[in-house]
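Now for the letters of each chain:
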Amino acid sequence: MQPKVTVLGSANIDLVIRAKRMPNKGETLIGGAFDIFTGGKGFNQATAAARLGADVTFIGRIGDDVFGEMLRSAMDAENIDTRFVKTDAESGTGIATIVVEPDGDNSIIVVPRANMCITPKDIDTAEDSIANADVLLLQLETPIDSSQRAAEIARDNGTIVMLDPAPARSLPDSFLDKIDILTPNTSEATVLSGHEINTAERRTVAAKALQKQIAQDGLSTVVLTLGEQGVLLCTPSETTHIPAISVEAVDTTGAGDAFSGALATALAKGNNIIESVKFAIAAGAAAVTVLGATPSMPTNEKIESIV
Ligand code: RIB
């Protein structure tokens, strides 16, 4: 049976500028190439899961505008179920302005717009698709009350709840205690745990502290992503380091989304956590070799070509 992943999250249009560096305060710089891509952490992760073989349902909101139409067509092209993607009459489609530097590093400003209008009622209409999924995948570019409602439905029905806590913000215990798998990077882990992470020991302390804050039954796993240094995996029984795969970076935008979408898909297929994290690391590495967020979400063939 095809693994089922339901994603509740953002869908944005990314306005991407390539520049030799970020401008200083008050400075005007002439940039290089300009592109418009689909994006949004939610839609990127849904795309990754769909390209890697999952049956994906997306829950979200877009505006009644040309950007919303672009996103709906892109969702259809990826065979993503859009029955729970609402077109919002009041707010425009979410936008991200992204600057990519020559080494592939990026800086992003997101204007969420329709993404922040998702309500718990929207989630209730999608109850069956959450209850029947193997994995529910969440991020933090949509309202917390809606994500929390989705997590409640998932946990009542045995669906694994995975949260990519990006962009960073602190979260109530009533939400964290419904998460089975938490995948912060170091700055997100600092915000969530209150622990500064400046040494390898401090990373372990923060990951262990977070592991105690999430749901204790089920997988109860923190996957602390360390960029070029790989991943620190913290389960109830062990803390393990898994190394990164080194590639030539073109654009790091969306690498975390490829990681999350791949991790959710591998778990939904029934793989164990270590195999799933290794697969997700390869997916993240594959994504940094391609410009753009959604365009860089890899297929299984692309992942096989880099491992
Ligand atoms: O993670 C990358 C994504 O963050 C971009 O696609 C942008 O839309 C923002 O949501």
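Above this text you will find the structure in question.
Residues numbered from 1 in each chain as written. Predicted model: local features only at pLDDT ≥ 70, side-chain atom pairs only at ≥ 80, totals over all residues. Heavy atoms only, no water.

Enquirer: I'm lost on the overall build of the protein in this one. Help?
Expert: Check the secondary structure of the protein and you find eleven helices and 13 strands. Scaling as 2.2 N^0.38, a compact globule of 307 residues should have a C-alpha radius of gyration of about 19 Å, and the protein matches this with 18 Å. When the backbone C-alpha atoms are referred to their principal axes, the protein occupies close to 50 × 45 × 40 Å. Counting only residues that meet the buried cut, the protein has 53% of its 307 residues in that class. Across the protein, every contact between residues at least 6 apart in sequence was considered, and the portion connecting residues at least 24 apart equals 68%. (Helix = DSSP H or I, 4+ residues; strand = E, 2+ residues; numbered from the N terminus. Rg over C-alpha atoms; globule rule 2.2 N^0.38 Å. Buried < 20%, exposed > 50% of the residue type's maximum accessible area, 1.4 Å probe, protein only. Contact = heavy atoms within 4.5 Å.)

Enquirer: Sorry, what's going on with the side chain of Thr38 here?
Expert: Within the secondary structure, Thr38 sits in strand β3 (residues 34-39). Sequence-distant contacts of Thr38, that is, excluding residues within four places in its chain, are made with Asn12, Ile13, Asp14, Phe43, Asn44, Met70, Leu71, Ala74, Ala293, Thr294 and Pro295.

Enquirer: Would you take a moment to explain the sheet that holds β3 for this structure?
Expert: By definition, the strands of a sheet pair up through backbone hydrogen bonds, in either a parallel or an antiparallel sense. Taken together, the four strands give an open sheet; going across it, the order is β3-β2-β6-β7, and neighbouring strands pair in mixed fashion. Both outer strands of the open sheet, β3 and β7 (106-111), are each paired with one neighbouring strand and no more. Strand after strand, the sheet turns through a mean of 20° between neighbouring axes, direction not considered. Where helix α2 (residues 66-77) meets the sheet, it contacts β2 (12-18), β3 and β6 (94-100), and its direction lies at approximately 60° from that of β3. (Pairing = 2+ DSSP bridges. Axes fitted to C-alpha atoms, helices over the stretch in contact; angles between N-to-C directions.)

Enquirer: Just checking my understanding: could you explain the packing of aromatic side chains for this structure?
Expert: For any pair of aromatic rings, the description consists of the separation of the ring centres together with the inter-plane angle of the planes. With the rule as written, the count across this model stands at one aromatic pair. Each ring, one from Phe43 and one from Phe58, has its centre 6.5 Å from the other, and the planes form 80°; the classification is edge-to-face. Taken together, the residues span a long stretch of sequence, with Phe43 in helix α1 (residues 41-51) and Phe58 in strand β4 (residues 55-63) at a distance of 15 residues. Among the residues examined, Phe43 registers a relative accessible area of 0% and is labelled buried. With a relative accessible area of 0%, Phe58 lands in the buried category. (Phe/Tyr/Trp six-rings, centres within 6.5 Å; stacked < 30°, edge-to-face > 60°.)

Enquirer: Looking at this model, I keep getting lost on the sheet that holds strand β8 (residues 135-138). Mind explaining?
Expert: Judged by pairing direction, the sheet is mixed, and its nine strands sit side by side in the order β5-β4-β1-β8-β9-β10-β11-β12-β13 without closing on themselves. One side of each edge strand has no neighbouring strand; the edge strands of this open sheet are β5 (81-88) and β13 (239-242). The pairing of β4 with β5 spans six bridges and is classified as parallel. From the neighbouring strand, Gly60 faces β5, where its bridge partner is Val85. In the packing of helix α5 (residues 144-156) onto the sheet, contacts are made with β1 (4-8), β8 and β9 (160-163), and the angle to β8 comes to roughly 165°.

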